[in-house]
Amino acid sequence: MAETRAILAGTGISVPSKEITNDMLSRIIETSDEWIRERSGVVTRYFVEAGVGSSDLGAEAARAALADAGMEAGEIDYIVCATMTPDHYFPGTGTLIQRLLGIDPVPALDLRQQCAGFAYGLQTVDALIRSGVAKNVLLVGTDVHTSLMPFSERTWDVLFNDSGPLSEEEWQWNCRFRHLLVLFGDGAGAMVFRASEEGDGRGILGSKLYGDGNHMDILYVPGLGSKRRPFVTPEMIAEGDHVPIMDGQAVFKLAVTHMPRVTERVLKESGYTIEDLDLLVMHQANLRINAAAQKVLKLPDEKVHNNIQKYGNTTSATLPICFFEAREAGKAPEGSLVAFTALGAGLHYGSVLVRI
């Protein structure tokens, strides 16, 4: 009996229209284009308008992926959505995407593995299709980081419209979170997978994923959780406990160690070597992290694609957006062996190997 595999049928992305340059951020935070580029590689990022949620971007990316696959939304029988910025605390964003797409009720699963969410989603899709639970699965990674940015309405107006200087109090408040706010953008990416028994070698081949709570404190949100009673208070917001805390140096060290190691591991367990890899798509958190990981793996530039320069860190959307652009650039023709590797809060990290 032929083996059933999850075959990539289509991809699509959704990027907001508001391009935010580093110079624009210097209107509201003590920073500069040179400072941001040197530390992260980010040049621009894109922000949504107020009122646009992760489900809106996710549904738009899903429509594009369905069109690329030549499929109707009604053919989808399972939705997997990775996001750390859901429209609401509950319900999950997957069901909201299902509603926006006009799909009849189907299982909809939300994943909360942050920057590694899409990699976890790929393994989930593989399991659903190999087991026969689903035949056509929509996988979406979508995040609206502007929802986490602690800016006043005045700050947003100055950012978008250059409407004059901020008060000293607002300026100092924004600068407190500078190391985080310069990194992130909004965006979504989607992939459609279908079950196939064609036996042509294509599909999701293997995955190695890990969760390690011993490093939880280097990247987390201290407020807005069940360990706090009540869930949210005015004092919590005033203290900025709703904004993530990040130890950038610790994240850097772990990322440049774990991402190359887990990429080599998934290749070895699937019967390949690093020389067999056609393309490495890494989570787009910091260009310096990815350059260091690439150096460890001894991969040439043509086998790696980065786009953090354009979009910033879009968390669960980074892998699908990056792959979409690599594919558009001709780096991932049919038959290519591609590794999707990520690390983020949790720590959650891992790599998934796909024959496109």
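For the structure itself, look to the data block above.
The residue numbers shown here count from 1 along each chain, following its written sequence. In keeping with the predicted nature of the model, local features appear solely for residues at pLDDT of at least 70, side-chain atom pairs appear and are counted solely at 80 or more, and the whole-chain, interface and lining totals rest on all residues. Hydrogens are left out, water is left out, and the side-chain values use all remaining heavy atoms of the structure.

**Q** Just checking my understanding: could you explain the packing of helix H10 (residues 248-269) against helix H11 (residues 287-297) for this structure?
**A** When two helices pack together, their arrangement is given by the angle between the helix axes and by the axis-to-axis distance. Angles here are taken between N-to-C directions and fall from 0 to 180 degrees, while the axes themselves are lines fitted to C-alpha atoms, restricted in helices to the stretch in contact. Labels follow the DSSP assignment, with helices taken as runs of H or I lasting at least four residues and strands as runs of E lasting at least two, numbered in each case from the N terminus. Between H10 and H11, the least distance of the axes is 9 Å, while the angle of their chain directions is 40°. With respect to H11, the element H10 is oriented oblique. The two elements H10 and H11 cross, and the hand of that crossing is right-handed. Residues Phe252, Ala255, Val256, Met259, Pro260, Thr263 and Glu264 of H10 touch H11, and the partners they reach there are Arg288, Ile289, Asn290, Ala292, Ala293, Val296 and Leu297. Classification used: nonpolar for Ala, Val, Leu, Ile, Met, Phe, Trp, Tyr, Cys and Pro, charged for Asp, Glu, Lys and Arg, polar for all others including Gly. Partitioning the contact of H10 with H11 into residue classes produces 10 nonpolar, two polar and two charged. Roughly parallel covers angles under 35 degrees, roughly antiparallel covers those over 145, roughly perpendicular covers 65 to 115, and oblique covers all other angles. Two helices that cross are described as forming a left-handed crossing if the nearer one is turned anticlockwise from the farther one by less than a right angle, and a right-handed crossing if clockwise. In what follows, residue pairs with any heavy atoms lying within 4.5 Å of each other are defined as contacts.

**Q** Is there a simple way to think about the pairing of strand E4 (residues 78-82) in this case?
**A** Along a regular strand, successive side chains alternate from one face of the sheet to the other. Only protein chains enter the accessibility calculation, which uses a 1.4 Å probe; a residue whose area is less than 20% of its type maximum is buried, one above 50% is exposed, and one in between is partly exposed. Within E4, five of the five residues are buried, which leaves it mostly tucked inside the rest of the structure. The alternating pattern of E4 places Tyr78, Val80 and Ala82 on one face and Ile79 and Cys81 on the opposite face, and all of these are buried. Where E4 and strand E6 (residues 136-143) come together, five bridges link them in parallel fashion. Bridging across to E6, Ile79 finds its partner in Leu138. For two strands to be treated as a pair, DSSP must find at least two bridges joining them.

**Q** Looking at this model, I keep getting lost on the pattern of salt bridges. Mind explaining?
**A** Think of it this way: side chains of opposite charge can pair up when their charged atoms draw near. Here, a salt bridge means any side-chain nitrogen of Lys or Arg that lies within 4 Å of a carboxyl oxygen of Asp or Glu. Applying the stated criterion across every chain yields a total of 12 salt bridges. For Arg327, the salt bridge goes to Asp68, with nearest N and O atoms at 3.0 Å. Here the residue Arg327 occupies a position in helix H13 (residues 318-328), and Asp68 occupies one in helix H3 (residues 54-69), the gap between them amounting to 259 residues. On the accessibility criterion, Arg327 (31% relative accessible area) is partly exposed.

**Q** Looking at this structure, how should I read unusual backbone geometry?
**A** Across the chain, the bulk of peptide bonds are trans and the bulk of non-glycine residues have phi less than zero. Here Phe90 and Pro91 are connected by a cis peptide whose omega angle stands at 10°. Gly346 connects to Leu347 through a cis peptide bond whose omega is -15°. Position of Leu347 relative to the elements: it lies in the loop between strand E13 (337-344) and strand E14 (348-355). Within the chain, Gln114 stands out as a residue other than glycine whose phi angle is a positive 50°. Residue placement: Gln114 occurs in the loop between strand E5 (108-111) and helix H5 (117-130). Judged by its relative accessible area of 15%, Gln114 falls in the buried class. For Thr315, which is not glycine, the phi dihedral falls at a positive 50°. With respect to the element layout, Thr315 can be found in the loop between helix H12 (308-311) and H13. Residue class for Thr315 comes out buried when judged on its relative accessible area of 1%.

By themselves, these figures tell us nothing about what the structure is for.
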